[in-house]
Amino acid sequence: MTSAEQPATPDPTPRKRTGRRPGSADTRRTVLEAARAEFAARGYERASMRAIGRVAGVDAALLHHYFGTKDQLFLAALELPVDPRAVVAHALAGDRATVGERVAGFVLTLWEQPGVLDRMLALIRAAATAEQVAQLMRGFVTVELIARIAAELDVEQPELRAELMFSQIVGLAMARYVVKVEPLASATREELLPLLAPTFQNYLTAGA
């Protein structure tokens, strides 16, 4: 066979490929697919960046390069439109006497953004009907949200209080945007804020 007839040969050691793959978009898609599979199989807490990298055929260092940390990769894999931890950071910053108002205001404002609301509702629906999605969300919420909030609360049963607030937020989303119960569905942010804020405040600080 002449040199002109020689077929193009692939990387002689494709299984040992390290570093950046050609085409960052393709690499990102491959990693996200591997992450979804690994998170689904092992759950949020047990899945590791190393294992995800192995499934994707890349070094774990590349995952850190593209996504940062495991929780950031998880958010990207589920295509969450916003980092839920931003809610935690916003809520816990400032005077604890007004934490309920900050949480309620942040959530209501966030949901007024069409792209955010659509994606969050899709995840809520998926978690309600698919145990796999519910398991993934449960692990993330427990580690990244509930535990973070509870650690900052100087009250009895901090985890239960944080979970009650979370359940209120999810229930509100279902009633207002999925079931669309009236007059809740048509109520304005200004109408809802003064009613929700004391409830959130009571969950997080009552008895402190």
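As a convention, each chain's residues are numbered from 1 in the sequence order in which they are written. Local features in this predicted model are restricted to residues whose pLDDT is 70 or higher, and side-chain atom pairs enter the listing and the counts only when it is 80 or higher, whereas totals over whole chains, interfaces and linings include all residues. The side-chain values count all of the structure's non-hydrogen atoms but skip hydrogen atoms and water molecules.

**So, the side chain of E38**
For helices the rule is a DSSP run of H or I covering at least 4 residues; for strands it is a run of E covering at least 2, with both sets numbered from the N terminus onward. Turning to its location among the elements, E38 is positioned in helix α1 (residues 24-46). In this structure E38 comes out as buried when scored by relative accessible area, which is 8%. The criterion used for residue contact is that any of the two residues' heavy atoms lie within 4.5 Å. With residues near it in sequence (within four places) discarded, E38 still touches G43, A47, A51, I52 and V55. Burial here depends on accessible area, computed with a 1.4 Å probe over protein chains only, as a share of the maximum for the residue type. Under 20% is buried, over 50% is exposed, and the range in between is partly exposed.

**Considering the nonpolar core**
Counting residues in each nonpolar core, the largest one holds 31 residues, and the members touching the most others are V103, W111, I149, M165, I169 and F200. At the level of secondary structure, the elements contributing two or more residues to this core comprise α5 (85-92), α6 (99-111), α7 (114-129), α8 (131-151), α9 (158-178) and α10 (189-205). Residues in contact with W111, not counting those within four places in the same chain, are L117, I169, L172, A173 and Y177. Definition of nonpolar core: a set of buried residues of the types Ala, Val, Leu, Ile, Met, Phe, Trp, Tyr and Cys, connected through side-chain atoms within 4.5 Å. Core analysis: the second largest hydrophobic core is formed by 24 residues, A56, F74, A76 and L136 among them.

**Quick word on the environment of G43**
Tracing the backbone through its elements, the reader meets G43 in helix α1. G43 sits in the buried class, given a relative accessible area of 6%. In this view, G43 contacts E38, Q135 and L136; residues no more than four positions away in its chain are not counted.

**Regarding helix α3 (residues 60-67)**
One turn of the α-helix equals 3.6 residues, which is why residues spaced by three or four share an orientation. Listing the buried residues of α3 in full gives L62, L63, Y66 and F67. The buried residues of α3 occupy an angular sector of 110° when projected down its axis, which confines them to one face. Among the structural elements, α1, α2 (49-56) and α4 (70-77) are those in contact with the buried residues of α3. Looking at the residues trailing α3, positive phi occurs at G68, about 95°. As used here, the arc is the angular range of directions from the helix axis to the C-beta atoms.

**Observations concerning the packing of α6 against α10**
A fitted line through C-alpha atoms represents every axis, and for helices the fit uses only the stretch in contact; the resulting angles, taken between N-to-C directions, go from 0 to 180 degrees. α10 packs onto α6 with a crossing angle of 135° between their chain directions and a minimal axis gap of 7 Å. By the angle between their axes, α6 is oblique relative to α10. In this structure, α6 meets α10 at a crossing whose hand is right-handed. In contact with V99, G100, E101, V103, A104, G105, L108 and T109 of α6, α10 contributes R189, L192, L193, L196, A197, F200, Q201, L204 and T205. Charged residues are taken to be Asp, Glu, Lys and Arg, nonpolar residues to be Ala, Val, Leu, Ile, Met, Phe, Trp, Tyr, Cys and Pro, and polar residues to be all remaining types, Gly included. Split by residue class, the contact of α6 with α10 holds 10 nonpolar, five polar and two charged. Note on terminology: angles under 35 degrees are roughly parallel, angles over 145 are roughly antiparallel, angles of 65 to 115 are roughly perpendicular, and the others are oblique. Rotating anticlockwise by less than a right angle from the far helix to the near helix defines a left-handed crossing, while the corresponding clockwise rotation defines a right-handed one.

**Overview of the UniProt feature "DNA-binding region" (unreviewed entry) in the protein chain**
The positions UniProt marks with the feature "DNA-binding region" (unreviewed entry) are residues 48-67. Along residues 48-67, the helical share is 80% and the strand share 0%, with 13 Å between the first and last C-alpha atoms. UniProt positions are given in the numbering used here, feature names are shortened, and annotations may be inferred rather than shown by experiment.

**Comments concerning the packing of α1 against α8**
Relative orientation of the contacting elements α1 and α8 amounts to 20°, with a least axis distance of 8 Å. The orientation of α1 relative to α8 falls into the category roughly parallel. Here α1 and α8 pass one another in a crossing that is left-handed. Facing α1, whose interface residues are F39, A40, G43, Y44 and E45, α8 presents Q132, Q135, L136, G139, F140, V143 and E144.

**Notes on unusual backbone geometry**
Note the cis peptide between E182 and P183, where omega equals 10°. Counting through the fold element by element, P183 comes out in the loop between α9 and α10. Here Q157, not a glycine, exhibits a phi torsion of approximately 50°, which is positive. Structurally, the position occupied by Q157 is in the loop between α8 and α9. The exposed category is assigned to Q157, whose relative accessible area is 54%. Of note in the backbone geometry, K180 takes a positive phi value of approximately 60° without being a glycine. With respect to the helices, strands and loops of the structure, K180 is situated in the loop between α9 and α10. A residue is classified by how much of its surface remains accessible, and K180, at 53% relative accessible area, is exposed.

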